[in-house]
Amino acid sequence: YVMKAGAGDLYEKQSSQLVFKTTKNPKIRSFAQMMVTDHSKSTADVKAAAQASGLNPKAPGLDAKKSAMIADLTKSSGSARDQLYVTQQKAAHQEALTLHKGYATAGDTPALKATAAKIAPVVEHHIEMLSAIK
């Protein structure tokens with residue numbers, strides 16, 4: 001759970017920083033900024049819960065799928081990049097929601113379960129916001 005959550009957050013931050021620099025869409029710009037802030041916080045929260053539980057997690061890294069998603073964003077530009085970003089964000093947030101809700105329900109470490117339960121509604125809010133971006 002800790003590594004998957006960290007990898008998801010890392011993707012969110014890297015993809016959002018990339019798009020933030022180039023988008024001309026104010027809604028995407030605002031969303032991307034929020035992604036960096038919110039996913040930095042969730043990474044810190046998961047790390048703190050893991051450490052409080054006696055775990056010492058490694059720094060998060062991107063898996064092959066997320067690395068490919070960043071590469072695709074890097075290759076695109078303009079409104080095509082914006083559209084790809086929103087599409088990727090919707091998929092990544094659905095994956096994150098499944099991860100956090102699943103661990104909140106069936107996880108085996110109480111501090112991490114509580115943290116996952118706090119993060120899930122934030123991810124749901126991000127999904128709602130994504131559906132409003134045109």
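Here, the structure is the one placed above.
Residues numbered from 1 in each chain as written. Predicted model: local features only at pLDDT ≥ 70, side-chain atom pairs only at ≥ 80, totals over all residues. Heavy atoms only, no water.

The tally for this structure, following the rule as stated, stands at two aromatic pairs. Taking 4.3 Å as the distance between ring centres and 20 degrees as the angle between the ring planes, the aromatic pair formed by tyrosine 1 and tyrosine 103 counts as stacked. Within this pair, whereas tyrosine 1 is found in the segment before helix H1 (2–22), its partner tyrosine 103 is found in helix H4 (residues 78–106), the two being separated by 102 residues in sequence. Seen in terms of ring centroids, phenylalanine 31 and tyrosine 85 are 6.4 Å apart; in terms of plane orientation they differ by 70 degrees. Their pairing is edge-to-face. Of this pair, phenylalanine 31 sits in helix H2 (residues 26–52) while tyrosine 85 is found in helix H4, placing the two residues 54 residues apart along the sequence. Across the pair, tyrosine 85 and phenylalanine 31 agree in class, each one buried. Above the face of the phenylalanine 20 ring, arginine 29 is positioned so that its terminal group lies 4.1 Å from the ring centre. (Phe/Tyr/Trp six-rings, centres within 6.5 Å; stacked < 30°, edge-to-face > 60°. Helix = DSSP H or I, 4+ residues; strand = E, 2+ residues; numbered from the N terminus. Buried < 20%, exposed > 50% of the residue type's maximum accessible area, 1.4 Å probe, protein only. Lys NZ or Arg CZ within 6 Å of the ring centre and 35° of its normal.)

Right, let's get into the packing of H1 against helix H3 (residues 64–75). As a packed pair, H1 and H3 sit with axes 10 Å apart at the nearest point and diverge in direction by 5 degrees. One way to sum up the angle between H1 and H3 is to call them roughly parallel. On the side of H1, the interface is formed by Gly8, Tyr11, Gln14, Ser15, Leu18 and Val19, while H3 contributes Lys66, Met69, Ile70, Leu73 and Thr74. For the contact of H1 with H3, the class distribution of residues is six nonpolar, four polar and one charged. (Axes fitted to C-alpha atoms, helices over the stretch in contact; angles between N-to-C directions. Parallel < 35°, antiparallel > 145°, perpendicular 65-115°, else oblique. Contact = heavy atoms within 4.5 Å. Nonpolar A, V, L, I, M, F, W, Y, C, P; charged D, E, K, R; others polar.)

What follows is about H3. For H3, spanning 12 residues, the distance from its first C-alpha to its last is 17 Å, which sits close to the expected 16 Å at 1.5 Å a residue. The complete set of buried residues in H3 reads Lys66, Met69, Ile70 and Leu73. Angularly, the buried residues of H3 cover 95 degrees about the axis, an arc narrow enough to put them on a single face. Facing away from the buried surface of H3 by more than 90 degrees, the exposed residues are Ala64 and Lys75. Where H3 is buried, its residues contact H1 and H4. For H3, the capping residue at the N-terminal end is aspartate 63, with a side-chain oxygen 3.3 Å from the backbone nitrogen of lysine 65. (Expected span 1.5 Å × (residues − 1). Arc of directions from axis to C-beta. Polar contact = N/O pair within 3.5 Å; in protein donor to acceptor, adjacent residues only side chain to side chain.)

Empty space within the largest pocket amounts to approximately 180 Å³. Mapped by element, the contributors of at least two residues to the lining of the largest pocket are H1, H2, H4 and helix H5 (110–132). Looking at the lining of the largest pocket residue by residue, the class counts come to seven nonpolar, four polar and five charged. (1 Å grid on protein atoms, 1.4 Å probe; cavity = no way out; pocket = protein on both sides within 12 Å on 5 of 7 lines; lining within 4 Å. Points joined across faces, edges and corners; volume = space filled by probe spheres on them.)

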